[in-house]
Structures are given as structure tokens and as C-alpha cells.
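Here's the letter readout for the chains.
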Amino acid sequence: MIKGIAHLAFDVADMEKSLHFYCDVLGFTRAFDIPNDQGEPWIEYIKVCDGQFIELFYGGQNKPAHVQRPVGFSHLCLEVQDIDSLAEHLRKQGITLDVEPVQGKDFNMQCWARDPDGNRIEFMQLDARSPQMNS
């Protein structure tokens, strides 16, 4: 029935900052856009890999109040080849890491940062011993 995860969507406050982050910093490709019924910008599609996208919606205005452990969306995790190279690349691009590269309880290496709107992103380098690799 379900083939996979097709996309993740974010409402963004500043589209240019978000496009810069996801395309120029992370290296994804701006795939296409969809205008609204009036022909105005509405959604930008960022290609992660074949069949997987991040949708960026124009017009985000109200950041939710910060609460500890909210119910709902927590973070986006992106798999990387080399966590140390990725962390260095992010730093060189002026991105502050919330968590420097560290090994998790699942043996995978991970580091954490935020996109321009504060959405948490985990970068993960899979380890051969991890449950993700052995399930």
C-alpha cells in the first residue's frame, strides 16, 4: 500500500534563506515550483533524491511558542556519508551546530543543527552495528 515517504513540508518565513540553506548549504536541488491559483509563488520543491522532496511553502508567519517535549513533529534526519566532513562543511557555511558529532546509543554518529526557521535537523552516519543497518 505505502511505497515510501514522498516529502516533508515546511512553512518558511524567508524563502530565499531557506532555499540557500537547503540548496546551497546542504546541496539539494531546487526541482520545481507550484504557483497558487492567482499565479503567485506558493510552493518550492527541493529534491532530496529520486522520489523524495522537501516542500517549502511561502508565507510562514507565526513561530509556535517553544515548549519542552511538544507532541508532534520532532526533527528531520538526513543520512550522510561522513559526519565529520559534513560538520566541517556546515561550520564553514556559518551554520552553528547544536550538537557536535557524537556516537549515539544506536552506534550511529550524529550531529545536529537547525534550518533558518529553527527546525531541528539530525545528520546521521550509519554504523554497521546499528539497528537501522540490521533490521
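Along each chain, the written sequence defines residue order, and numbers are assigned to residues from 1. Residue-level local features of this predicted model are given only where pLDDT is at least 70; pairs of side-chain atoms are given and counted only at 80 or more, and the full residue set underlies all totals for whole chains, interfaces and linings. Hydrogens and water are ignored here; the side-chain numbers use all heavy atoms of the structure.

A. The arrangement of the pairing of strand 6 (residues 99-103) in detail. Paired strands, as defined in this entry, are two strands with at least two bridges between them according to DSSP. Helix and strand definitions follow DSSP, with helices as H or I runs of at least four residues and strands as E runs of at least two, each counted in order from the N terminus. Bridge count between strand 6 and strand 7 (residues 109-114): three bridges; the pairing is antiparallel. The residue bridging valine 102 from the neighbouring strand is glutamine 110, located in strand 7. Counting the residues between successive antiparallel strands, the hairpin from strand 6 to strand 7 contains five residues, one of them, phenylalanine 107, with a positive phi of roughly 80°.

B. Fine view of the layout of surface pockets. Computed from the structure, the largest pocket encloses a volume of approximately 1000 Å³. Points on a 1 Å grid, built from protein atoms alone, make a cavity when a 1.4 Å probe fits but cannot get out and make a pocket when they are open with protein on both sides within 12 Å along at least 5 of 7 lines; residues with an atom within 4 Å of a point are the lining residues. Pro64, Pro70, Phe73, Gly118 and Asn119 are the residues nearest the centre of the largest pocket, which is lined by 27 residues in total. Elements with a minimum of two residues in the lining of the largest pocket: strand 1 (7-11) and strand 7. Sort the elements by how many residues they give to the lining of the largest pocket and strand 1 lands first, with three residues. Note on residue categories: nonpolar means Ala, Val, Leu, Ile, Met, Phe, Trp, Tyr, Cys or Pro, charged means Asp, Glu, Lys or Arg, and polar means any other residue, Gly included. When its residues are assigned to classes, the lining of the largest pocket shows 11 nonpolar, 10 polar and six charged. How far each domain reaches was decided by an automatic or database domain assignment. Counting contributing residues per domain, the lining of the largest pocket is built from domain 1 (1-59) and domain 2 (73-134), each supplying no fewer than three. Grid points are joined across faces, edges and corners, and a volume is the space filled by probe spheres set on the points.

C. Structural context of the packing of aromatic side chains. Only Phe, Tyr and Trp rings are paired, with Trp represented by its six-membered ring, and only when their centres lie within 6.5 Å; those with planes under 30 degrees apart are stacked, over 60 edge-to-face, the remainder tilted. Under the criterion given, the structure shown has seven aromatic pairs. With 6.0 Å between their ring centres and 80° between their planes, phenylalanine 10 and phenylalanine 73 make a pair best called edge-to-face. Taken as a pair, phenylalanine 10 in strand 1 and phenylalanine 73 in the loop between strand 4 (52-57) and strand 5 (76-79) lie far apart in primary sequence, 63 residues in all. Summarising the aromatic geometry, the rings of tryptophan 42 and phenylalanine 57 are spaced 5.6 Å apart at their centres and angled 80° between planes, so their arrangement reads as edge-to-face. One end of the pair, tryptophan 42, is in strand 3 (residues 41-49); the other, phenylalanine 57, is in strand 4, and 15 residues separate them in sequence. An aromatic cluster is built from Phe10, Phe21, Tyr22 and Phe73, whose rings are joined through pairwise contacts.

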